[in-house]
Amino acid sequence: MFGRHGDGVDGQKTKTRAKPDTPVGESTPTQGAYSTIRLPTVTLRIPDRDVAAATITNVTRRFGRRWALRGVTLSIGPGEVVGVEGHNGSGKSTLLRILSTAIKPTGGEAQVFGADVVRQPTTVRGVVAFLTHYPGLYDDLTAEENLRFACRMLGVDFGRVPPVLERVGLAREAGETVRTFSAGMQRRLSLARLLLQRPRLLLLDEPYNNFDPAGIALVNEVVREVRGAGGAAMIVLHDRHSAGDLLDRVVRLKQGVVLTDGPAPIVGDAQTSTRLTDPRESTLIAGGAA
Amino acid sequence: MTWRDEWRRVQAIVWKDLTTERRSKAGINAVVFMGVLILLLFGFALGPDTEALRAAAAGALWLAILFSGVLAFNRSYQLELDGGALESLLLYPGSRWAIYVGKLIANLVFVLIVEAIVIPVALVLYQVALPPGWPALIGVTVLGTVGFVTLGTFYAAMSSRSRAREVLLPLLLFPMLIPVLLSAVEASTSLLGGDPMLEAGAWVRLLGAFDIIFLVASLLAFEYVIEV
Amino acid sequence: MGVGTVELSVAPARARRSTGMLIGLGVFLLLAATQAYSISISTPDRDMGHLQKIMYVHVPAAWNMMIAYFIVAIASLRYLWKGREKDDLLAAAAAETGALMTGLTLALGMIWGKPTWGIWWTWDARLTSTAVLFFIYVGYLILRAFVDDPDRRAQWSAAVGLLGALNVPIVYMSVRWWRTLHQVQSSPSTLDPNYTLSLRINAIAVMIVVLFFIRHRYQTMQLEAAADAMHERIALGDRGGINA
């Protein structure tokens, strides 16, 4: 996992539309600057370094005429929590959706714990839990029924439902239809569905949206648990403060390529939030390297 | 994945779709109302002559079923699209055909319930007396409905996610259903008349062949349709 | 880099265009020749007079639409199997040509039917099943028009094209039964040897026209797809700062 950028440069695929060379080349210097700092902290947490939690090699994805991803190469080690940042349309969600097998990459390849997302989707689906933008719930079913449906689909015993509801603080509303829920409650229920399985890779797409402080703490607790069990997480976020000290690394995407990739504390805390709103994103290349 | 796992998923989807449908009764009420309305309109269009109505009964009934039933298929996917549930549904481990079969069975139950109300109304409105061979009529109705729902569930997976979905589904579906319409109407008409020429058997076989061919084809092709 | 790619791809396209025009000219000259030959050697029909000559286009169009639909089915199957964009474009090109031929068959059949049978339309088995076929493939083309994403359009229309092809024999059979059971007899048969020969050579000429149309539309669609990709690459190069 340590040589992930080197892999990306070598791994040029025959897919003609991928243009990985320049973007990867651009982020290499920043990477080099951080690696010395990052190595010890990561090594401490890794229980099993043989199989990466996720490897993304030169992945591209086209939607109609639009290229959402234009050659992304990343690797996530077991026990690693990676934040993904970037403007709207920079390809963050697309990257998560590819790892979750919701969509197939146009070019390149990706593996989750050694299973290929295109060739072994069923295996990948067994280890990945994806919290999408959308609630992904059925409005006319109650909270409990929604989870029971998920249990049936996952092949999990119904006995898991009450403790999970308890955990996300919806035990009292278990019998009410989701239609009556607030956005935050729906979000909690979506999170509850992820807890039914024991995921090894958590994919969270803006998980802090609609959550109150208690909800945010809950999300972080779940991430820590997965990490503690040797799993990994990828979190798309706009506000890094919610994640606290959870992030080991932050990857910034811009227009479908990796702009920067480095340990979370160094890419900047307070300044980042102002930079995120800066439309002249290009200054970040210089800013990140400085 | 074993067959038992897949069957469990099929059951879960059937249960989920039917529970949702039961909670929002608006759907089935509207569809039944539509079916009865079409029967009534045919009555007006064909005139009050009882003989003419009786002769056209099977045809009018099947058109009422097709035009009202087609409203149900897009709804079945709409409920997946509303809260972004389709993506979550596709991310559960398991085969895609289980999703298709689940939706197919739920839609089949839905359309059969609609028929259970619309058919008696048709018999009353068009003054058709049930012939002694009425169980065979039910068999023809079920076979025709299976063909209708098989293709309807398949094409709605596309139309519900395209532009102009209300128009697209009938445009794709109805030309494909002409063999079903012909066999169901001809078989029912001849059964209602006591099947003097023994024609119904051939039509029933055609209907059965249609059902099997398109059930298999849809099962195989569904994966390609739902995944993009 | 973008500019270089444009120039590279335009030159062969231009060459292909002139070959295409030459082939097209040849194809239509051939069709004109076979038509002229058939019309000159045929004597006016006893019942229908010169009207019968409409058959020299009507019948070949009806035969050749089947070739187009066969290509749709094969290309759709291959697309689902291999997932290559060109199979999708070939299926689309064949479906367009097939629908055109079916429309021509129907229109000429009606023009012929009016003076012959005194009616524009009759529920004749062949006429009816051809109309159903027309609607099935127009549905296919409408689906293509309603879906914007190329991958989705390709995958969906391949499935629809395959199911449509599967239905063709069933439609024919059911419509034939439907008519014969009602004991309605249709088209009177004429069997003049000159007439048969004319039908055959015109069928071959129309087949060449059909293949030319499919080839032409296929190439046009490929160029369109290439142009889209190129636009995209240029836009990204300018905006994304990748090659800055």
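Our structure is the block above this text.
One structure accompanies this document, and this report is about it.

What counts and what doesn't
Residues numbered from 1 in each chain as written. Chains lettered and ligands numbered in written order. Predicted model: local features only at pLDDT ≥ 70, side-chain atom pairs only at ≥ 80, totals over all residues. Heavy atoms only, no water. Helix = DSSP H or I, 4+ residues; strand = E, 2+ residues; numbered from the N terminus. Polar contact = N/O pair within 3.5 Å; in protein donor to acceptor, adjacent residues only side chain to side chain. Contact = heavy atoms within 4.5 Å. Buried area = accessible area lost by both parts, 1.4 Å probe. Salt bridge = Lys/Arg side-chain N within 4 Å of Asp/Glu carboxyl O. Pairing = 2+ DSSP bridges. Axes fitted to C-alpha atoms, helices over the stretch in contact; angles between N-to-C directions. Buried < 20%, exposed > 50% of the residue type's maximum accessible area, 1.4 Å probe, protein only. Nonpolar A, V, L, I, M, F, W, Y, C, P; charged D, E, K, R; others polar.

## Some thoughts on the side chain of Thr128 of chain C
All names here are of chain C. Relative to the helices and strands, Thr128 is located in helix H4 (residues 125-146). Side-chain polar atoms of Thr128 contact the backbone oxygen of Asp124, separated by 2.6 Å. Beyond its immediate sequence surroundings of up to four residues, Thr128 is in contact with Trp121, Thr122, Trp123, Val175 and Trp178.

## Here's the deal with the interface of chain B and chain A
Counting from both sides, the interface comprises 27 residues of chain B and, opposite them, 26 residues of chain A. Overall, the association of chain B and chain A removes approximately 2,400 Å² of surface from exposure, summing both partners, and the carbon and sulfur fraction of that is 60%. Where chain B meets chain A, there are four salt bridges. Between Lys104 of chain A and Glu227 of chain B there is a salt bridge, with its nearest N and O atoms 3.3 Å apart. Here chain B and chain A share nine residue pairs in polar contact (both at pLDDT 80 or more) between them. For the side of chain B that touches chain A, the secondary structure elements donating two or more residues are helix H1 (3-23), helix H3 (50-82) and helix H4 (85-91) of chain B.

## What to know about the sheet that holds strand E6 (residues 128-131) of chain A
Residue and element names in this part refer to chain A. Here six strands make up an open sheet; going across it, the order is E6-E7-E8-E3-E9-E10 and the pairing mixed. Sheet topology places E6 and strand E10 (257-263) at the edges, where each strand pairs with a single neighbour. Mean inter-strand twist for the sheet, computed between neighbouring axes without regard to direction, equals 15°. Pairing of strand E3 (residues 81-85) with strand E8 (residues 232-236) involves four bridges; the strand directions are parallel. By the bridge assignment, Val82 is partnered in E8 with Met234. On the sheet, helix H8 (residues 213-228) packs against E3, strand E7 (201-205) and E8 and is oriented at approximately 155° with respect to E7.

## Overview of the pattern of salt bridges
Applying the stated criterion across every chain, the model contains 28 salt bridges over all chains. Residue Arg167 of chain A pairs with Glu221 of chain A through a salt bridge whose shortest N-O separation is 3.0 Å. Linking Arg167 of chain A in helix H6 (residues 161-167) with Glu221 of chain A in helix H8, this pair joins segments that are 54 residues apart in sequence. Owing to a relative accessible area of 40%, Glu221 of chain A belongs among the partly exposed residues under this scheme. The closest approach of N and O atoms between Arg144 of chain C and Asp88 of chain C, which form a salt bridge, is 2.9 Å. Taken together, the residues Arg144 of chain C in helix H4 and Asp88 of chain C in helix H3 (residues 85-117) connect sequence positions 56 residues apart. Asp88 of chain C matches Arg144 of chain C in its accessibility class, with the two residues each being buried. Salt bridges linked by common partners bring Lys104 and Arg125 of chain A together with Arg96 and Glu227 of chain B together as one network.

## Some words on the interface of chain B and chain C
The accessible area lost on association of the parts is a frequent measure of interface size. Between chain B and chain C, the residue contacts involve 31 residues of the former and 30 residues of the latter. Around 2,800 Å² of area is buried between chain B and chain C when both sides are counted, 77% of it from carbon and sulfur atoms. The tally of links from chain B across to chain C stands at one salt bridge. Note that Asp148 of chain C and Arg163 of chain B form a salt bridge whose closest N and O atoms lie 3.0 Å from each other. Taken together, the connections running from chain B to chain C amount to seven residue pairs in polar contact (both at pLDDT 80 or more). Where the side of chain B that touches chain C is concerned, the elements lending two or more residues are helix H6 (134-159), helix H7 (165-176), helix H8 (178-192) and helix H9 (200-226) of chain B. Element by element, the count of residues in the side of chain B that touches chain C is highest for H9 of chain B, at 11 residues. For the side of chain B that touches chain C, the residue count by class is 25 nonpolar, two polar and four charged.

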